[in-house]
Each structure stands twice: as C-alpha cells, then as structure tokens.
Amino acid sequence: MKSAVVVFPGINRERDMARALKFVSGKEPAMVWHADSELPKGTDLVVLPGGFSYGDYLRCGAIAARAPIMEAVRTHAAKGGLVLAVCNGFQIACEAGLLPGVLMRNARLKFICKEVFLRIERSDTPFTRQYNAGAVIRVPVAHGEGNYVADADTIARIEDEGRVLFRYTAPDGKLDPAFNFNGATNAIAGILSEKRNVLGLMPHPENHVDPAVGPTDGRRLFESLVSTLEAA
Amino acid sequence: MKARVTVTLKAGILDPQGKAIEGALKSLGVAGVASVRQGKVFDIEVEGVDRAKAEQALTLAAEKLLANMVIENYRVELL
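Every value quoted in this text rests on a predicted model; they were computed, and no experiment measured them. (Residues numbered from 1 in each chain as written. Chains lettered and ligands numbered in written order. Predicted model: local features only at pLDDT ≥ 70, side-chain atom pairs only at ≥ 80, totals over all residues. Heavy atoms only, no water.)

Visitor: Help me understand the overall build of chain A, please; the structure alone is not making it clear to me.
Guide: Helix and strand content of chain A: five helices and eleven strands. Rg of the C-alpha trace for chain A: 16 Å, near the compact-globule value of 17 Å for 232 residues, within the 12% margin. Projected onto the principal axes, the alpha-carbon positions of chain A cover approximately 45 × 35 × 35 Å. Here chain A, with 232 residues, has 58% of them falling under the buried criterion. If you take every contact in chain A between residues at least 6 apart in sequence, the share linking residues at least 24 apart comes to 76%. In the form shown here, chain A has an accessible surface area of approximately 9300 Å², with 50% of it arising from carbon and sulfur atoms. Charge-centre separation for chain A: the mean point of 27 positive side chains lies 1 Å from the mean point of 26 negative side chains. (Helix = DSSP H or I, 4+ residues; strand = E, 2+ residues; numbered from the N terminus. Rg over C-alpha atoms; globule rule 2.2 N^0.38 Å. Buried < 20%, exposed > 50% of the residue type's maximum accessible area, 1.4 Å probe, protein only. Contact = heavy atoms within 4.5 Å. Areas by Shrake-Rupley, 256 points an atom, 1.4 Å probe, with all protein chains shown as cover. Lys, Arg positive; Asp, Glu negative; His and termini not counted. Charge placed at Lys NZ, Arg CZ, Asp CG, Glu CD.)

Visitor: Is there a simple way to explain the interface of chain B and chain A in this structure?
Guide: Listed per partner, the contact involves 16 residues of chain B and 14 residues of chain A. Carbon and sulfur atoms make up 68% of the surface buried where chain B meets chain A, a total of about 1200 Å² over both sides. When the buried area of chain B at its contact with chain A is split by residue, P16(B), L65(B) and N68(B) rank highest and sum to 37% of it. E72(B) is the partner of R59(A) in a salt bridge, and the nearest nitrogen-oxygen pair spans 3.7 Å. Linking chain B with chain A are six residue pairs in polar contact (both at pLDDT 80 or more). Listing elements by their share of the side of chain B that touches chain A, those giving two or more residues are α1 (16–27), β2 (40–45) and α2 (51–66) of chain B. Counted by class, the side of chain B that touches chain A contains eleven nonpolar, two polar and three charged residues. (Buried area = accessible area lost by both parts, 1.4 Å probe. Salt bridge = Lys/Arg side-chain N within 4 Å of Asp/Glu carboxyl O. Polar contact = N/O pair within 3.5 Å; in protein donor to acceptor, adjacent residues only side chain to side chain. Nonpolar A, V, L, I, M, F, W, Y, C, P; charged D, E, K, R; others polar.)

Take a look at the structure:
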C-alpha cells in the first residue's frame, strides 16, 4: 500500500493518520505538501486528514479545497484511485466536489469531542470489507461542523445508490435522534462517491487502531484498505 | 471601484447560527423579529473601471470560492 497524506496549513491530525497507516500497513506514508502539484508516483491511497485547514476561514475546507495539490487528488480519484477523507478532510472533499453535499454547523452549535457509535451499512467496499455489514463500532469525533446536509434529490440518490457507509446510531445499531448528536441528515456520518472509491467521514477511525491507547474499532478500516490494495 | 458580494443561505437550509441569534434577540426583548438568517458580506476593491469586466470577475469569484452553491446564493453589486 503506497499512501500519501496531504498536509494543509492548519491541519493537526496528519500524524495520527500517518501513525495509523504505518501501524496497520507496515509502510510509512508519504507526507505531501498542499502547494505541490503532484502526488508521489504509484500512490494508491490519498488521505485528506482532519484538523482546521486555514483556520476554517470562509467555510470549513473551502480554501484547502482550492489548493494546488487538489487537482492531482481529483485526477487520482477520477482514475478510480482510493481517497480517504476524515473530518476536515471530509469537509475539504465536499468543497472540492469529490463528494456531494456539505458539512454545516452542528445542530446544537457545540463543538463535540467524544466517542460515538457508528453502524457500518455495507461491507462490500474497499473501506469496510473487513467489517460485517450492520456491525456497530465505537470511534471518536471532534468537530463543530459535522452536520451533513444536501438537497433532497442528492440525499435520495445517495440513499438509493447505497452510498451511505456510516450512520450515527445507538450502541445497538438502532437509529435514535439522541445519538445523532450533530443533527446530520438521516444520521449520515460517512458517504461514498459515485464510483465508491472516495470515502468521506466525520469520525476518526485513525485514533482507534492501537490497543496500547484504547479501543481498536477503527483498525479494520485500514486493514480493509490494505487487503483491497493487496488483492488488486 | 468598490463592490460588494453578499452570500446568503438558500431557502430551506437549516441555519443554526441564525436561530441562535434569533433566540438572543428575543431574550433581549427586541420586538417584532420574526426570524433571522445569517449570511456573509465581502467588500471588494476591483482594479480598473470596466464595470462589465468587474461584474464578470466577481461572479467568477463568487461561484469559485465565496459561495458554496450547494447551500448558498450570492449577489454581486458594484457600488
């Protein structure tokens, strides 16, 4: 697995991400600066990590989405290359047009930093093949703008096409408004692109990979990527 | 030339910040406020005097960066 983590000014989760990638795949990812215009040759996974690129100025992810490297990321995605976009990375991917919709202020206006429960909607994707569909995992979130919104047609389309990959649920996997803490439409926590090669999600699976620091529910997402790329 | 681009949320998009401001105005006792929607104003100094060109540039600016067309509308004014 040859992965590249894009580093934007104001990002702060790139090291957690790099550590998780190394921990699970055994290979050090390349760190790619936002002002570069090319990805390292042979990159098969691009990661847009979390943080506060450009201090969230204008709109979260808006300025990073227009960075020079994003043209290369767009080309990579258009060719079917895998892209994992987490938290601020998800916001950047939406702003860049890699994924539909937008992440708005949390419904109750609070920045929320805690562990949440996610239901995995399907296991036939490059990101979740090591999980069982319907499984519930526990992962942390840390965001103020994670309230997924899109127009009704877009929501209907991504639902019909089975592109909602993660939803906020109760610990038993049931939808419950009390556990949809940021007010996201249909409790959407993560979505796939049309070709299913780009995943955007608000929670941080990279923080739950190492038993030395706690739960390891996020680890299989990285193992899924490794096994997908090994099989390719 | 001075110009102003105003970006507002499209109708139907939930605006939690506007709602919070609305609540605060009510608790301050400001009478007659039915609802609040929050937006953004960009005051821009444009080079040159060609109004058509300025309008074209500002429209491009609004669509490429200042507004997210998924959730927002924009208005360009030359002052």
